[in-house]
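Coordinate inspection notes
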Amino acid sequence: MAIKSIAVLLLAATAAAATDTDEASRGAAVYANYCQNCHGEGARGLAAFEGDLATFRERLAGTAGMPDMSRVLQEQEVAEVFAYLRRTQSP
Ligand code: HEC
């Protein structure tokens, strides 16, 4: 019984460590991998983007001059990059 409790505690600690970086921070890594070459450091090239997540997702698939990134990223990664973009846009 005691051993079982310790195992549960250890699992909980591991899960907490894994979620330690927030969505926007994970998005920064995704952005650096897939977007930075074209859109610049710190999402500079996207700073003027104003739409919501759904619009953002649409632009990934249908923007002239840009490869269809909606096929490259997982849905969760799109949300993470979007969160990252929002963070870079906030003053
Ligand atoms: C091969 C170059 C290239 C890559 C890689 C690329 N883009 Fe683009 N992207 C463009 C071009 C070119 C445009 C159209 C011109 C513009 O708005 O900057 C564009 C436009 C956009 C727009 C629309 C901007 C607006 O204001 O409506 C969004 C959103 C966007 N890209 C997001 C991304 C994200 C997120 C990634 C990474 C997952 C990415 N792009 C990767 C070249 C690229």
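A brief structural summary. A quick note: this is a predicted structure, and the numbers were derived from the prediction, not measured.

What counts, and where the lines are drawn
Each chain has its residues counted from 1, running along the sequence as written. Owing to the predicted nature of the model, reporting of local features is limited to residues with pLDDT of at least 70; listing and counting of side-chain atom pairs is limited to 80 or more, with chain, interface and lining totals taken over all residues. A run of H or I in DSSP counts as a helix once it spans at least four residues, and a run of E counts as a strand once it spans at least two, with each numbered from the N terminus. With C-beta atoms placed from the backbone, a residue counts as buried when 20 or more other C-beta atoms lie within 10 Å of its own, as exposed when 12 or fewer do, and as partly exposed for counts between those limits. Two residues qualify as being in contact provided that their C-beta atoms, derived from the backbone, are within 7 Å of each other. Under this scheme, a helix contributes an axis fitted over its contacting stretch, all axes are lines through C-alpha atoms, and angles between N-to-C directions fall in the 0 to 180 degree range. Working definition: roughly parallel below 35 degrees, roughly antiparallel above 145 degrees, roughly perpendicular at 65 to 115 degrees, and oblique for all remaining angles. Charged means Asp, Glu, Lys or Arg here, nonpolar means Ala, Val, Leu, Ile, Met, Phe, Trp, Tyr, Cys or Pro, and polar covers whatever is left, Gly included. For our purposes the nonpolar core covers buried Ala, Val, Leu, Ile, Met, Phe, Trp, Tyr and Cys residues that link as a set through C-beta atoms within 7 Å. Any residue qualifies as near a molecule or strand once its backbone-derived C-beta atom lies within 6 Å of it. Rotating anticlockwise by less than a right angle from the far helix to the near helix defines a left-handed crossing, while the corresponding clockwise rotation defines a right-handed one.

As for the overall build of the protein
Within the protein, the secondary structure is distributed over 5 helices and 0 strands. Burial analysis of the protein (91 residues in total) assigns 14% to the buried set. When contacts within the protein are restricted to residue pairs at least 6 apart in sequence, long-range pairs at least 24 apart make up 75% of them.

A closer look at the packing of helix H2 (residues 23-34) against helix H5 (residues 75-89)
Where H2 meets H5, the closest approach of the two axes is 7 Å, and the angle between their N-to-C directions is 105 degrees. With respect to each other, H2 and H5 are oriented roughly perpendicular. Two secondary-structure elements touch here, H2 through Glu-23, Ala-24, Arg-26, Gly-27, Ala-28, Val-30 and Tyr-31 and H5 through Glu-77, Ala-79, Glu-80, Val-81, Phe-82, Ala-83, Tyr-84 and Arg-87. Its residues assigned to classes, the contact of H2 with H5 shows 9 nonpolar, 1 polar and 5 charged.

Some words on the nonpolar core
Counting 10 residues, the largest nonpolar core is built from Ala-28, Val-30, Tyr-31, Cys-35, Ala-43, Leu-46, Val-81, Phe-82, Tyr-84 and Leu-85. Looking at this core, the element that brings in the most residues is H5, giving 4 residues. Setting aside anything within four residues of it in sequence, one finds Leu-46 in contact with His-39 and Leu-85.

Some details on the site of the ligand
Cys-35, Cys-38, Arg-59, Gly-65 and Met-66 are the nearest of the 19 residues found near the ligand. When residues of the shell around the ligand are traced back to their parent elements, those giving at least two are helix H3 (36-39) and helix H4 (53-62). For the shell around the ligand, a count of residues per class yields 13 nonpolar, 5 polar and 1 charged.

Concerning unusual backbone geometry
In the Ramachandran plot, Ala-43 falls in the positive-phi region, its phi being about 60 degrees despite a non-glycine side chain. Among the secondary structure elements, Ala-43 is positioned in the loop between H3 and H4. Take Ala-43: there are 21 C-beta atoms within 10 Å of it, and that puts it in the buried class.

Observations regarding the packing of H4 against H5
Two elements in contact, H4 and H5, have axes whose closest approach is 10 Å; the angle formed by their N-to-C orientations is 115 degrees. For the element pair H4 / H5, the angle class is roughly perpendicular. When the axes of H4 and H5 are compared, the crossing they make is right-handed. Contacts from Leu-53, Phe-56, Arg-57 and Leu-60 in H4 reach Val-78, Ala-79 and Phe-82 in H5. In terms of residue class, the contact of H4 with H5 is built from 6 nonpolar, no polar and 1 charged.

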